[in-house]
Amino acid sequence: MKQVVTGNHTLSYGAKICRAQVVSAYPITPQTQVVERISEFVADGEMDAIFIKVESEHSAMAACIGASAAGARTFTATSAQGLALMHEMLHWAANARTPVVMGNINRGMGPPWTIWTDQIDSLSQRDTGWMQFYCESNQDVLDSMIIAFKVAENENVLMPAMIVLDSFVLSHTTEPVDFPDQDKLDEFLPPYKAKYTVDPDNPHTFGGLTGPDRYYELKWLECEAMDRAKELIPQVGAEFGEWFGRPHVMVKPYRCDDAEIVMVVSGTIASTTKDAIDELRDEGMSVGSAKVWTFRPFPSEAVRELLRGRKQVIVIDRNVSFGHEGIFCTETKGAMYNEADRPSIRNFIAGLGGRDVKVRDIKEMFHLAQKDDTPDPYWYGLKT
Amino acid sequence: MAEKKEKKKKLTVPEEELMYSGHLACQGCGATIAMRYALKALGPKTSFAIPACCWSVIDGPFPYTSLGIPIFHTAFETAAVMASGLKAGFDIMGKTDVTSVAWGGDGGTTDIGIQALSGAAERNDDILYICYDNEAYMNTGVQRSSQTPWGAWTTTTPARHFKKLPKKNMVDIMAAHGIPYIATSAMAFPEDIVKKVSKAKDIKGCKYVQILASCPPGWKMVPEKSIEVIRLAVNTRIWPMLEIEEGVYNITRKPRKEIPVADYLKLQGRFRHLTEDQVNEIQEIVNFNWQRLRWLEESTQEMKEKYGRATLSVPAG
């Protein structure tokens, strides 16, 4: 059934139809509507869940980890400062192998205070062991959420997952979203059957002191789990397509078949870029685009497959790693380095703190990338 | 034979053991004895959330455990909310009979963990928080905490600059939250621990129990004095044993004999530097605090008789 909803409410309805059993959250702009609607669902009995309204995001993540360790399907949502406050518990969720699913509304980090979008908040959590799905539309948000639960809870994965969407551009913008039939979804996403739980009838200790003789292997197991997630995400993405008509891949090409140049993008910039590609094609340019959907696990193989042999790759980053360059660019370069016929890779920083990135901006970046004297990385549209 | 049966009846501490040998505690560790008796009261249908503290080591390194109940080790400041999360998980999975316990040291409870604890108390989450209080960060090597008492040496309050601030009044802080049950106990009084923890277990809502637990290396004393020193803490009234139910204070042990607090202090090297005047000052503080507690006990009991409650009034619905 199609409904016109905001990105935030897509997460709320998503939590409901995915039958999250314990939700714990703390309010932060622009995430508030997610938890407002969930609190209504729970209070009205539309959702068979417990909602713990905690006193901080740090506690929100801790409560989700506890509930997940007791065997429940758990969900939370946050943004920026809230995500940063959670940081310690993000590691805890992954290292405890609790498949918590969370919505993160991308928002710039203060100071100065900002509530508008960029990706530094979520990308700063790169090494916490969370899967990260970057969404270009509200439909993408819903589909990613369903796929994330299925992958995260797979007994060969058991790693948490973050659904990432742009502040306001998606969070507060209404779009038609196709919600699957509940019975069909229940079949696609059956209840979470935890392999290991905190259980007085079968008592075990979780997370006790572990020496150098064993800790190392536990980290390797987590890396293996992420590798399995990397195999599983395209499988579940394809399966999702068979069931609901919308297949998902980790790197989604647009008009790339014969393209000499490919623009690598993520989030809502990915959908704007498609329009820019159409116009550039009309102007006779040989260009396509690639949306990177999952940042972790990073789809190195798919990136290589798509970019190998191209003349040029342009990465647009709505983020930056201070002292280096855009983060998706670094990852793309890393994936391509050992390729014999690797393309030249150019990087643009754009749209930090929610500055609009329009079709004409993307086209301009394309043209700037063709000039040898354009600095790299280039901060596009900087007011001087 | 008849006499033996009679004796057995008098035993109020359950025989069931949920703590086994092989733990890693120091000799004379008060926190370990507190755990043993708390578990006897709690029984096997219990889960523990344990933050960073001595007990994150005592239980035994992976893959060993010395307890017969499940433990979920958690980050320093999250014990209370981890217990809340576990409880929500148990409830939604239909395991409503599990007692969800947070078990933390004084630093994890009253310093870094007080926000999560205050949150759980405000929501009146159905958890039991037990703080074993050894009055400093013992696991990291005896640094001062908010529970370190006035006059004590620690590695961050050296003897020549001993701690000149009082122990944070955690009991009144928890009482201000209006939770249904608060108690203090002490590790040298097994029956008292069993009685209070059993009572707390059967009350729905957020319960807080703080158990004074000696730490021979941190308190600079010989391990064999561990029990004696805690008995003295209670009998000199520096650590009053009490319960607060619905805001009504009840001092559960009123020592008949007045024992000078110096007897308690002189057993411990952490107070060795104190002058006679300073010891006298502590005695005066102990005397006043005891009187204050007696007054709170009388007044809250009177309030209860008069108005039916001693906590802040809240809407019934």
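What you see is a predicted model; the values in this text were computed from it and never measured. (Residues numbered from 1 in each chain as written. Chains lettered and ligands numbered in written order. Predicted model: local features only at pLDDT ≥ 70, side-chain atom pairs only at ≥ 80, totals over all residues.)

1. Concerning the overall build of chain A
Reasoning step 1: Scanning chain A from N- to C-terminus turns up 12 helices and 16 strands.
Reasoning step 2: Relative to the 2.2 N^0.38 estimate, which gives 21 Å for 384 residues, the radius of gyration of chain A is 21 Å and therefore close to what a compact globule would have.
Reasoning step 3: The principal-axis extents of the C-alpha atoms in chain A amount to approximately 65 × 50 × 45 Å.
Reasoning step 4: When the 384 residues of chain A are sorted by exposure, 54% land in the buried category. (Helix = DSSP H or I, 4+ residues; strand = E, 2+ residues; numbered from the N terminus. Rg over C-alpha atoms; globule rule 2.2 N^0.38 Å. Buried ≥ 20, exposed ≤ 12 C-beta atoms within 10 Å, placed from the backbone.)

2. Things to note about helix H8 (residues 212–244) of chain A
All names here are of chain A.
Reasoning step 1: Its 33 residues place the ends of H8 47 Å apart at the C-alpha level, agreeing with the 48 Å of an ideal helix rising 1.5 Å per residue.
Reasoning step 2: The axis of H8 is deflected most strongly, by about 30 degrees, at Leu232, and proline Pro234 appears within four residues downstream.
Reasoning step 3: All buried positions along H8 are accounted for by Ala225, Ala229, Lys230, Leu232, Ile233, Val236, Gly237 and Phe240.
Reasoning step 4: Buried residues along H8 sit against strand E6 (131–134), helix H6 (138–152) and strand E13 (294–296).
Reasoning step 5: One or two residues past the end of H8 sits Gly245, with phi positive at roughly 85 degrees. (Expected span 1.5 Å × (residues − 1). Bend = angle between axes of the 7 residues up to and from the residue. Contact = placed C-beta atoms within 7 Å.)

3. A look at the domain arrangement of chain A
All names here are of chain A.
Reasoning step 1: For chain A, the assigned domains read domain 1 (2–244) and domain 2 (251–379).
Reasoning step 2: The distance between the C-alpha centroids of domain 1 and domain 2 comes to 27 Å.
Reasoning step 3: Listed by partner, the interface residues are 27 residues for domain 1 and 20 residues for domain 2.
Reasoning step 4: Mapped by element, the contributors of at least two residues to the side of domain 1 that touches domain 2 are helix H5 (120–123), E6 and H8.
Reasoning step 5: The residue makeup of the side of domain 1 that touches domain 2, split by class, is 14 nonpolar, eight polar and five charged. (Domains from an automatic or database assignment. Nonpolar A, V, L, I, M, F, W, Y, C, P; charged D, E, K, R; others polar.)

4. Here's the deal with the sheet that holds strand E15 (residues 344–349) of chain A
Residues and elements named next belong to chain A.
Reasoning step 1: Pairing within the open sheet is mixed, and its six strands lie in the order E10-E12-E11-E14-E15-E16. Since the sheet does not close on itself, it has two edges, and those belong to strand E10 (251–254) and strand E16 (378–379), each with one partner.
Reasoning step 2: Both strand E14 (residues 312–317) and E15 contribute to a ladder of six bridges, which runs parallel. Counterpart to Val315 in the pairing with E15 is Asn347.
Reasoning step 3: Most of the contacts of helix H9 (residues 267–282) go to strand E12 (residues 287–292), to which it runs at about 170 degrees, and overall it touches E10, strand E11 (261–265), E12 and E14.
Reasoning step 4: Of the strands in this sheet, E11, E12, E14 and E15 touch helix H11 (residues 327–336), which is tilted by about 150 degrees from E14. (Pairing = 2+ DSSP bridges. Axes fitted to C-alpha atoms, helices over the stretch in contact; angles between N-to-C directions.)

5. Considerations on helix H12 (residues 276–307) of chain B
All names here are of chain B.
Reasoning step 1: Between its terminal C-alpha atoms H12 stretches 46 Å, which fits the 46 Å expected from 32 residues at 1.5 Å a residue.
Reasoning step 2: What H12 keeps buried is the set Ile282, Leu296 and Thr300.
Reasoning step 3: Considering only its buried residues, H12 is in contact with strand E8 (248–251) and helix H11 (261–265).
Reasoning step 4: Two residues or fewer after H12 comes Gly308, characterised by a positive phi angle close to 85 degrees.

6. Looking at the pairing of strand E6 (residues 207–212) of chain B
All names here are of chain B.
Reasoning step 1: Along E6, six of the six residues are buried, which leaves the element largely enclosed by surrounding structure.
Reasoning step 2: Both faces of E6 are covered, namely the face carrying Lys207, Val209 and Ile211 and the face carrying Tyr208, Gln210 and Leu212.
Reasoning step 3: For strand E4 (residues 128–133) and E6, the ladder comprises six bridges, and the chain directions are parallel. Bridge pairing in E6 links Ile130 to Val209.
Reasoning step 4: Bridging between strand E5 (residues 181–186) and E6 involves six bridges; their strand directions are parallel. In the sheet register, Thr184 faces E6, and the bridge partner there is Gln210.
Reasoning step 5: Since E5 and E6 lie parallel, the crossover through helix H8 (residues 190–202) that links them has a hand, and here it is right-handed. (Right-handed = clockwise from strand over helix to strand, strands pointing away.)

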